[in-house]
Amino acid sequence: MKTIKGPAIFLAQYTSDQPPFDTIDHLAKWASELGYVGIQVPVDDRLIDIQAAATSKEYCNDLKTRLAKYNIVITELSTHLQGQLIAVHPAYDQLFDGFAPEHVKGDSKARQAWAEDQLKLAAAASHNLGLTTHVTFSGALAWPYVYPWPQRPANLVETAFAELGKRWKPILDAFDAVGVDVCYELHPGEDLHDGVTFDRFLKEVDFHSRANILYDPSHFLLQQLDYLAFIDIYHKRIKAFHVKDAEFKPDGRQGVYGGYSNWVERAGRFRSLGDGQIDFKGIFTKLAQYDYSGWAVLESECAIKHPEACAVEGATFIKEHIIKVTDHDFDDFAQSSLDDTQMRQLLGL
């Protein structure tokens, strides 16, 4: 059995133009001072030159050396925004153009090609950085039809997933060529948002060994999915972990759908670690039981508490929940050399 690595922190919610959140060096120093030992790094020009990282081991070695000064390592690279752009339903074109560079905005095919190139660069960069996992979103073609009203035409969902698989297969092959797993965050708004949709996708990519899961229980709580049973079912595919809390408090006026309310007023909302309803002791126990050897990474999107306060509390929370696993089997203590007479005596025979 292996001990989960951590604590680490996802930088997406903290990167800004203001110090200490403006450069990867400043963020590494800040995270280290809070007690983190790892950072999950978005592919963002403010943090990493993905072209240089993909083509130069010297660049990557220099980056790792700079972070090591603060006792920080990179846990994974993240292409959540780029992954989203691999598949965009036309209803979301204008909104998701905000994630794309100017030269491909308004051109869905060029935007998708740019996103695919970014993913393949991230594969090469991950290899050069010595990483074995990568985190992303799947994108979505079928999401506008998630609720079956009006009734969906026959095979609409199957056609969407076939196209999604077709788009991702060459990307998965690129990651496979460099020995890196792609971990999809199962997230509302994505075609991959629960176990059923992940299974649909696996079928379309021929059960690709590099198609894996970024486990985030907050999204499962908010859709009322059994997030502990999910680990039992999918533990072999769980290769990354966001430690993110949430609460779901339906009332007589709203439930899972939230009535278009903002995050503060929704029945289901994200919270700081320990302020929500998620059973993290159960989660860390199951992940340890199934020999999860990856990182425990804070993702902070609390609807109430300031993100910097969440970061301060998160390092301690994760550290206290990581289980240092035993290095022996308790069966080793059993007597294993009794003769037949002794066995019968133990059984009262």
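What counts and what doesn't
- Residues numbered from 1 in each chain as written.
- Predicted model: local features only at pLDDT ≥ 70, side-chain atom pairs only at ≥ 80, totals over all residues.
- Heavy atoms only, no water.
- Helix = DSSP H or I, 4+ residues; strand = E, 2+ residues; numbered from the N terminus.
- Rg over C-alpha atoms; globule rule 2.2 N^0.38 Å.
- Buried < 20%, exposed > 50% of the residue type's maximum accessible area, 1.4 Å probe, protein only.
- Contact = heavy atoms within 4.5 Å.
- Areas by Shrake-Rupley, 256 points an atom, 1.4 Å probe, with all protein chains shown as cover.
- Lys, Arg positive; Asp, Glu negative; His and termini not counted.
- Charge placed at Lys NZ, Arg CZ, Asp CG, Glu CD.
- UniProt positions renumbered as here; feature names shortened; annotations may be inferred.

1. Some thoughts on the overall build of the protein
Link 1 in the chain: A count of helical and extended segments in the protein gives 13 helices and 10 strands.
Link 2 in the chain: Taking 20 Å as the expected radius of gyration for a compact globule of 349 residues, we find that the protein reaches 22 Å, a close match to that expectation.
Link 3 in the chain: Dimensions of the protein along its principal axes, counting C-alpha atoms only, are 80 × 55 × 45 Å.
Link 4 in the chain: Buried residues in the protein amount to 48% of all 349 residues.
Link 5 in the chain: Put simply, of all contacts in the protein between residues at least 6 apart along the chain, 80% involve residues at least 24 apart.
Link 6 in the chain: For the protein, the accessible area works out to roughly 17,200 Å², and carbon and sulfur atoms hold 52% of it.
Link 7 in the chain: Here the protein holds 34 positive side-chain charges and 49 negative ones, and the gap between their average locations is 1 Å.

2. Looking at the UniProt feature "domain: Xylose isomerase-like TIM barrel" (unreviewed entry) in the protein
Link 1 in the chain: When the UniProt feature table is mapped onto this chain numbering, "domain: Xylose isomerase-like TIM barrel" (unreviewed entry) sits at residues 29-320.
Link 2 in the chain: Spanning residues 29-320, this segment combines 42% helix with 15% strand, and its end C-alpha atoms are found 22 Å apart.

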